[in-house]
Amino acid sequence: MSCTAVILAAGKGVRMKSHLPKVVHKAAGKPLVAHVVDAVRAAGIEDIILVVGHGREHVQKIFAGQPVKFVVQEQQLGTGHALQQAQGAVDPDSTVLVLAGDTPLLRASTLQLLLEHHQKCQAHATVLTTFLDDPAGYGRVLRDEKGSFLRIVEDKDATPEEKQVKEINSGIYCFQAGKVFQALQQLQPLNAQGEYYLTDTLEILMAEGCRVEVVPAAEPEEIHGVNDRIQLAQAEKILRQRKNLELMRDGVTLIEPDTIIIDSDVTIGCDTIVWPFTLIQGKTSIGEACEIGPWTNINDSRIGHRVVIESSRVKEAEIGDDCTIGPYAYLRPGTVLLEHVKVGDFVEIKQSTVGVGSKIPHLSYVGDAIVGREVNIGAGTITCNYDGQRKHQTILEDQAFIGSNTNLVAPVRIGKASVTGAGSTITRDVPPNSLAVERADQRVVPWKKKHDH
Ligand code: UD1
Ligand code: CA
């Protein structure tokens, strides 16, 4: 049986009090709706349709280049109306899995369970529910005296007795597509919010003699919906804990994990140790047997094996195997370090490639440079890459030795195995195997200090 997932993501999310649509807000470094799409994909469903509307360009941008289809809901008239927009894009003979874009804790295994139950029972509709101690805000699942499903009542429409019900609607369902699209046409917005409620289709289908199943989810936390910033923070906390546990299970040591923040899409190899107060974000990958932190922030970077990074900031950089970084280094976008590079304290590197075995141990700025193999850059060396209008390149060939406190005024090239004298301001190219010194002669004059104690 073919299956299409329809993710409802057109709402504004008024309770977020935001200029952005709710589903693009991030939890654990990933937009809420991307968590849902990933869970759907991990459950083996390839055909994914997103219903977008409010701020749709923001939602579409997240999935640029990905095999996800979009349908537009121009006016947000409710969840039923939202699903209706997908009718033309769904085969009426297929199973449609409907989800909300604001449930980032959902796991693929739960979706599989729901689909299996739906197919086994040959149901026309199956709704995923759960039991919450505090069900406030959710739709309640109403059952008759025998426990058979009756209907769902929204929080805003519920009577005080109905509000006591602890079983809630997750907002995740399977439907026989043809049936649900027929039922949607009969919806009436006769409720407190004046909306077309998707939940009402269950009652309509029952009245037509269709089979409606209810499956309670194993873990209530999975259906946690994010409607405001407090629920966003709760989701974030759970996702972070899950990620840390997953990494530890896979052989990564986290020292004081509660102080370590690692985004969902980060990968880390075994035997790597992460020290406290470290933040690893975005699409970062870290190899095996590294030591990261303490006090380190890395995002969207590729780090090799056996790399040590202490108290440093690394952003959109690539670091080869066996490099040592920090403490207090700042590696900015476009930094590429090949293997065995040492970058020490108070060094800033930007848009530069550094060759195998080179060292920049202290107090330097290296920008727009190509640094060869086994180059040594002395303390206080600065590439003067900017003339006020344009950026220029500095090239340091293999085995060059840059004396301390050299100013390299770009564009400039230091030849293979050449040396610059400490304190020189180098403005012209230096050929290979040469020494370039630019310094006034030292004067020595007789002198007596005025206050000599
Ligand atoms: C919905 C359910 C409720 C359930 C809860 C679970 C209905 C009527 N209610 O309520 O029973 O307990 O989810 O989290 O379905 N959306 C659109 N277009 C619209 C309206 C909403 O695309 O016109 C999208 C939203 O972007 C969101 C999702 O549908 O991703 C759910 O909408 P939301 O307003 O959050 O519904 P709830 O009030 O939480
Ligand atoms: Ca919701």
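Residues numbered from 1 in each chain as written. Chains lettered and ligands numbered in written order. Predicted model: local features only at pLDDT ≥ 70, side-chain atom pairs only at ≥ 80, totals over all residues. Heavy atoms only, no water.

Considering the side chain of Glu167
No. 1: As for its placement among the helices and strands, Glu167 is situated in strand E10 (residues 167–176).
No. 2: On the accessibility criterion, Glu167 (4% relative accessible area) is buried.
No. 3: Of note is the side chain of Glu167, whose polar atom sits 2.7 Å from the side chain of Arg143.
No. 4: In contact with Glu167, not counting residues within four places along its chain, are Thr129, Thr130, Phe131, Gly139, Arg140, Val141, Arg143 and Val214. (Helix = DSSP H or I, 4+ residues; strand = E, 2+ residues; numbered from the N terminus. Buried < 20%, exposed > 50% of the residue type's maximum accessible area, 1.4 Å probe, protein only. Polar contact = N/O pair within 3.5 Å; in protein donor to acceptor, adjacent residues only side chain to side chain. Contact = heavy atoms within 4.5 Å.)

A look at the sheet that holds strand E36 (residues 412–414)
No. 1: The strand order across the open sheet formed by nine strands is E14-E17-E20-E23-E26-E28-E30-E33-E36, and the pairing between neighbours is parallel. Edge positions in the open sheet fall to strand E14 (267–268) and E36, since each of these has one partner strand only.
No. 2: Pairing geometry for strand E26 (residues 336–337) and strand E28 (residues 353–354), over two bridges, is parallel. Opposite Leu337, over in E28, you have Val354 as the bridge partner. (Pairing = 2+ DSSP bridges.)

A word on the coordination of the calcium ion (ligand 2)
No. 1: Coordination sphere of the calcium ion (ligand 2), protein contribution only: Asp102 (OD) and Asn227 (OD1), at 2.5 to 2.6 Å. Linking Asp102 in the loop between strand E6 (95–100) and helix H4 (108–120) with Asn227 in the loop between strand E11 (212–216) and helix H8 (229–249), this pair joins segments that are 125 residues apart in sequence. Both residues of the pair, Asp102 and Asn227, belong to the buried class. (Donors = N, O, S within 2.8 Å, 3.2 Å for Na, K, Ca; no water.)

Description of the domain arrangement of the protein
No. 1: Here the domain parsing of the protein yields domain 1 (3–223) and domain 2 (229–436).
No. 2: Placing a centre on the C-alpha atoms of domain 1 and another on those of domain 2 gives a separation of 45 Å.
No. 3: Across the contact, 17 residues belong to domain 1 and 11 residues belong to domain 2.
No. 4: Interface area for domain 1 against domain 2, summed over the two sides, is near 1200 Å², with a carbon-plus-sulfur share of 55%.
No. 5: On the domain 1 side of the interface with domain 2, the three residues burying the most area are Met16, Ala28 and Leu105, jointly 44% of the side's total.
No. 6: Across the domain 1-domain 2 interface, the total number found is two salt bridges.
No. 7: For Lys30, the salt bridge identified is with Asp265, shortest N-O distance 3.1 Å. (Domains from an automatic or database assignment. Buried area = accessible area lost by both parts, 1.4 Å probe. Salt bridge = Lys/Arg side-chain N within 4 Å of Asp/Glu carboxyl O.)

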